[in-house]
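# Coordinate inspection notes
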Amino acid sequence: MGLSREPLVPGGVLAIDAGNSKTDVALVAADGTVLGAARGGGFQPPIVGVEAAVSVLARIVERAAADAGFPTGGGTPPVPLAEHTSACLANADLPVEEAQLAAAVHGLGWARSTEVRNDTFAILRAGVDEPRGVAVVCGAGINCVGMLPDGRTARFPAIGKISGDWGGGSGLAEEALFHAARAEDGRGGPTALATTLPAHFGLDSMYALIEALHLETIEPARRYELTPVLFATSDAGDPVARSLLDRQAAEIVALASVALGRLNLLDEEADVVLGGGIMAARHPYLMDAITDRLAARAPKARAHVVTAPPVLGAALLGLDHVSAPREAQATLREHYA
């Protein structure tokens, strides 16, 4: 996709990292200098539609352009801002969705060329020195992608149980509720979760918690609060809670090892970048379980939790696209250090 007009930032990159809850935009010069940046709301095309979701991006891009000192108006800058737009977007789970979103984003004329990727690619690129390796994101849900410098990728649909996914904060909370409910009514074995989960909300039984969740006297979004309770119950020695963490570790390693295998990296030194809220917590038992299982499947893999913001990864992908020198990447990383 290309435009004929000269961009305001020759050779530069418009980087977008858009998640469900927030969006970060950065306008980056060819030498890696961040000229302007802005943050705004989440990107949710399944809920509001593609046009409305992209209009949210437009307002944030306009603010980033203004932060860089460029004239703006009407939701988009008057001329192309950069050589390339690198947009890593939540809900771009399938290639067909990436193509649809790329067409919508490019149609706003922000850059000569546009590439849209799933936002997990931003986390991967933020955590590696070159576009080579695998990332597993375990936050509210779970996803995995891999990439090589020659452009080859490995990915999964990552749209829930229908695509074979298990775990993440939402999945762990649901599993904890499942086992706790069955423990209380006798269909399952005993677990302390039957006490710790309702106690978190000041309730005395799983029946009371089930009723409160069903009638939404406890807001549905508060189910995410149960994941830390699961971890604490595991730390106290509960076998059922611990088994859920063991399964989560196994799922993370299964994703990583399959992606490494697709890229022929199982027997080579390669980074496995871990991101998302569950990984950021660095729970010792879960991290040790991941390390042990990964060593058995991919002995040369190096697993580590990414700490850099995903917008850095989107920007680095953009610099890769315009063949920026490594010095530019170093300048950009220093900005986000």
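Residues numbered from 1 in each chain as written. Predicted model: local features only at pLDDT ≥ 70, side-chain atom pairs only at ≥ 80, totals over all residues. Heavy atoms only, no water.

### A word on the overall build of the chain
Rules: Numbered from the N terminus, helices here are DSSP runs of H or I no shorter than four residues, and strands are runs of E no shorter than two. Computation of the radius of gyration draws on C-alpha atoms alone. For the globule rule, the value is 2.2 Å times the number of residues to the power 0.38. Exposed residues in this analysis have more than 50% of their type's maximum accessible area, buried residues have under 20%, and partly exposed residues fall in between, with area computed by a 1.4 Å probe over protein chains only. The contact criterion used throughout is that any non-hydrogen atoms of two residues lie within 4.5 Å. Every accessible area reported is derived by Shrake-Rupley at a probe size of 1.4 Å, with residue values counting cover from the shown protein chains alone. Charge assignment in this entry is limited to Lys and Arg as positive and Asp and Glu as negative, and neither His nor the chain termini are counted. The atom standing in for a charge is NZ when the residue is Lys, CZ when it is Arg, CG when it is Asp and CD when it is Glu.
Within the chain one finds 13 helices and 10 strands. Rg of the C-alpha trace for the chain: 22 Å, near the compact-globule value of 20 Å for 337 residues, within the 12% margin. When the backbone C-alpha atoms are referred to their principal axes, the chain occupies close to 70 × 50 × 35 Å. A buried classification covers 51% of the 337 residues belonging to the chain. For the chain, restricting intrachain contacts to residue pairs at least 6 apart in sequence, the fraction spanning at least 24 positions comes to 66%. Of the roughly 14,500 Å² of accessible surface on the chain, a fraction of 53% belongs to carbon and sulfur atoms. Taking the 26 positively charged and 39 negatively charged side chains of the chain as two groups, their mean positions are separated by 3 Å.

### Remarks on the packing of aromatic side chains
Put simply, the rule reads: For Phe, Tyr and Trp, where Trp contributes only its six-membered ring, two rings pair if their centres lie within 6.5 Å, and the inter-plane angle classes them as stacked under 30 degrees, edge-to-face over 60, or tilted in between. The criterion is that NZ of a Lys, or CZ of an Arg, lies within 6 Å of the ring centre and within 35 degrees of the ring normal, and then a charge sits over that ring.
Going through the model one piece at a time under the given rule, you end up with zero aromatic pairs. Sitting above the plane of the F121 ring, R117 keeps its charged end 5.2 Å from the centroid. The cationic tip of R242 hangs over the ring face of Y285; the distance from NZ or CZ to the ring centre is 4.3 Å.

### Focus: the sheet that holds strand β7 (residues 142-147)
Filter applied, for reference: Strand pairing follows a simple DSSP-based rule, namely that at least 2 bridges must link the two strands. Note on geometry: axes are C-alpha line fits, over the in-contact stretch for helices, and angles between N-to-C directions span 0 to 180 degrees.
A sheet is described by the order of its strands in space; here five strands give the open sequence β8-β7-β6-β9-β10, paired in mixed fashion. Unpaired on one side and paired on the other, β8 (153-155) and β10 (301-305) mark the two borders of the sheet. On average, each strand axis in the sheet is inclined to that of its neighbour by 15°, with strand direction left out of account.

### Topic: the packing of helix α5 (residues 168-185) against helix α7 (residues 206-214)
As a reminder, the rule being used: The cut-offs work like this: below 35 degrees is roughly parallel, past 145 is roughly antiparallel, 65 to 115 is roughly perpendicular, and the gaps in between are oblique. Only Asp, Glu, Lys and Arg are considered charged in this grouping, and only Ala, Val, Leu, Ile, Met, Phe, Trp, Tyr, Cys and Pro are considered nonpolar; every other residue, Gly among them, is considered polar.
In the contact formed by α5 and α7, the axes pass within 9 Å of each other and the chain directions differ by 135°. If you check the angle between α5 and α7, you find them oblique. The residues of α7 that touch α5, namely those facing L177, A180, A181 and E184, are M206, Y207, L209, I210 and L213. Its residues assigned to classes, the contact of α5 with α7 comprises eight nonpolar, no polar and one charged.

### Description of the side chain of R112
Quick note on the threshold: Here a polar contact means two N or O atoms within 3.5 Å. Within protein one must be a hydrogen donor candidate and the other an acceptor candidate, and residues neighboring in sequence count only if both atoms are side-chain atoms.
Looking at the secondary structure, you find R112 in strand β5 (residues 111-118). With a relative accessible area of 17%, R112 lands in the buried category. A distance of 3.0 Å separates a polar atom in the side chain of R112 from a polar atom in the side chain of E6.

### Here's the deal with helix α2 (residues 50-67)
The condition that has to hold: To estimate the expected span of a helix, subtract one from its residue number and multiply by 1.5 Å.
Here α2 is 18 residues long and its end C-alpha atoms lie 26 Å apart, about the 26 Å a rise of 1.5 Å per residue gives. Among all positions in α2, only A53, V54, V56, L57, A58, I60, V61, E62, A64 and A65 are buried. Lining the buried residues of α2 we find β1 (9-18), β2 (22-28), β3 (34-41), α1 (45-48), β4 (82-89) and α3 (95-106). Where α2 ends, the next residue or the one after it, G69, has phi of about 90°, a positive value.

### A look at the pairing of β5
The test is simple: We call a crossover right-handed when, viewed with both strands directed away from the observer, the connection leading from the first strand over the helix to the second proceeds clockwise.
Counting buried positions along β5 yields seven of eight residues, so the element is predominantly enclosed. Relative to β5, β4 is paired through seven bridges, and the arrangement is parallel. Note on β5: the bridge partner recorded for A87 is V116. As a crossover connection, the stretch from β4 through α3 into β5 is right-handed.

### Re the environment of G19
Among the structural elements, G19 can be located in the loop between β1 and β2. Judged by its relative accessible area of 15%, G19 is buried. Distance in space between the C-alpha atoms of G19 and F43 is 5.7 Å, their sequence separation being 24 residues. With residues up to four places along the chain from it excluded, the contact list for G19 reads G42, F43, A90 and D119.

### Thoughts on the state of the cysteines
Worth spelling out the cut-off: Cysteine sulfur pairs qualify as disulfides if the two atoms are within 2.5 Å.
For the coordinates displayed, the defined rule picks out zero disulfides. As a non-bridged cysteine, C144 has C138 as the owner of its nearest cysteine sulfur, 11 Å distant.

### A few points about the sheet that holds β2
The five strands are arranged β3-β2-β1-β4-β5 in an open sheet whose pairing can be described as mixed. Looking along the sheet, the strands with just one partner apiece sit at the ends: β3 and β5. Ignoring strand direction, the axes of neighbouring strands in this sheet form an average angle of 15°. Across seven bridges, β1 lies against β4 in parallel orientation.

### Description of α7
We count it as follows: Each direction from the helix axis to a C-beta atom contributes to the arc, which is the arc of those directions.
Taken together, the buried positions of α7 are M206, L209, A212 and L213. One side of α7 carries all its buried residues, which in axial view fall inside an arc of 125°. Of the residues in α7, the exposed ones pointing more than 90 degrees away from the buried face are Y207 and H214. Those residues of α7 that are buried are in contact with α5 and α6 (193-200). The positive-phi residue at the C-terminal boundary of α7 is E216, with phi of around 60°.

### Here's the deal with the nonpolar core
Quick note on the threshold: To qualify as a nonpolar core, a set must consist of buried Ala, Val, Leu, Ile, Met, Phe, Trp, Tyr and Cys residues joined through side-chain atoms within 4.5 Å.
Grouped together as the largest cluster of nonpolar side chains are 55 residues, with contacts concentrated most on L197, L274 and I290. In terms of residue count, helix α9 (residues 239-262) provides more of this core than any other element does, 11 residues in total. If we skip the residues at most four places from it in the chain, L274 touches V136, I252, M279, M287, I290, A303, H304, V305 and V306. Among the nonpolar cores identified, the runner-up in size contains 29 residues, and V13, I123, A126 and V145 belong to it.

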